[in-house]
Structures are given as structure tokens and as C-alpha cells.
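This is what each chain is made of:
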Amino acid sequence: MEFRNLIWIFPLLASVGLGTPDERLVEVTPENVPGVVLDLRYATTNNLTGKALYPEAKAYLRMETIRKLRRVARELEEEGYRLVIWDAWRPASAQRALWQAKPDGKFLTPPSKISRHRRGTSVDVSLADKNGKILPMPSGFDEFNAKADEDFSDVPKEAAHRARILRRAMFSAGFSGVPDEWWHYDLRDWVDYEPIEEKEIGIRR
Ligand SMILES: [Zn+2]
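These numbers were taken from a predicted model, which means no experiment stands behind them.

1. Details of the sheet that holds strand β4 (residues 81-87)
Consideration 1: On the basis of which strands lie adjacent, the open sheet formed by five strands has the order β2-β4-β5-β7-β6 and mixed pairing. Sheet topology places β2 (37-38) and β6 (175-178) at the edges, where each strand pairs with a single neighbour.
Consideration 2: Here six bridges tie β4 to strand β5 (residues 122-129), and the two strands are oriented antiparallel to one another. Paired with aspartate 87 across the two strands is aspartate 124, which belongs to β5.

2. Regarding the environment of aspartate 151
Consideration 1: Topologically, aspartate 151 is positioned in the loop between β5 and α4 (157-173).
Consideration 2: A relative accessible area of 43% means that aspartate 151 is categorised as partly exposed.
Consideration 3: Aspartate 151 sits 29 residues away from aspartate 180 along the chain, and the two C-alpha atoms are 9.1 Å apart.
Consideration 4: Within polar-contact distance, the side chain of aspartate 151 engages the side chain of serine 153 at 2.9 Å.

Thresholds applied
Residues numbered from 1 in each chain as written. Predicted model: local features only at pLDDT ≥ 70, side-chain atom pairs only at ≥ 80, totals over all residues. Heavy atoms only, no water. Pairing = 2+ DSSP bridges. Helix = DSSP H or I, 4+ residues; strand = E, 2+ residues; numbered from the N terminus. Buried < 20%, exposed > 50% of the residue type's maximum accessible area, 1.4 Å probe, protein only. Polar contact = N/O pair within 3.5 Å; in protein donor to acceptor, adjacent residues only side chain to side chain.

This is how it looks when you write it as C-alpha cells:
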């Protein structure tokens, strides 16, 4: 960690405590999204960088995003599923690390642009069964190939079926999707939200 980063982290820890986010971000928990399964891959080495990018396995989003996810979780529960979160608010430092590992503008936002994930309005999701076991889907997380796109003719039928259940629940709650990643969703009015920087949350670099 560079010294200039410590300068703001120490007063932050003293005043508000580790991990306390900017007030515009709210931690996602089973209390506000019932049944949610947090599988925050960027808090582990199980991601495309091979490094843990977050100090804690905590997901933060705008309250409006959480409200909509609550509706998604309820709808999924009725169908015997639970919502999995792979990533939520993403600081610029994580975006840079991802870009270094995979500098491909087709799949990732270059560091020169603001990722939708930095606004707290975007979320990467998947499905688990009612016991929290993560289910096979059309592709792995951040598996950037044809299996990840909307054309599910090249993946097992069961996986395609689950991705469609997830999509229907996300769309009916007010999210929009993207063609190349079945797991990525945004608030439809994401562009109206400001990005939120990591210095306000105390994330590890
Ligand atoms: Zn995403």
C-alpha cells in the first residue's frame, strides 16, 4: 500500500470505523435482501486476476438497487431459488486491476472511463438453490466468451433455463441487462447516478 493512501485511510478508520461506506452506499445483507448468497469473487483469489481485490467479503449498493434486489429475491424464492451476488459496487482500483489482467474493451470498462459498477447501480448476479448451493449457469463469472452472451443455444438447457428465470426476475424488478454477460444488470436509470470513489469506503489497493 502506498503512503499517500494511508493518509486518508487512518483518519477514516478513526472516525467512522473500517469498511463504513459513503452514506450513499448500503451494505447488502440477508436483512435487506432476504436469502441473498454473497459469493463476492473479488474478495477471493477466485477471479480473473487471481488476487483478492477487496479486504472484506462485503457488497455495497445504492439503496434503490437494494430495494429492487429485494423484489428479485422474493420472486426467486417463490420459484425455489436464492439470489447470488458476485459483485456490486466496484471501486476504481478494482477496475484497474481487472483491466491489467484482461485489457479488452469488449468485456471490461477501461480505467479511463467510469464503470457502471462504480455508481452502486450495477450488480453481477447468479442463482443458488434454496439451500444456498450455487447452481451451474451458462458460464462462469467473468468467463468472457460466447457462452456468456444472450444466445443460450450453446449451453446446457438447464443452465439456459436458470439464466432466463434470473433475467425475468431482474427485468420485472426494474433492471436492464447487457447482451454479452448474462450475470450483469443495471438500474435502468444508472446514468443519472454519480460514481462513488473508494476513498469514501477505505478499500484496499
Ligand atoms: Zn457487471
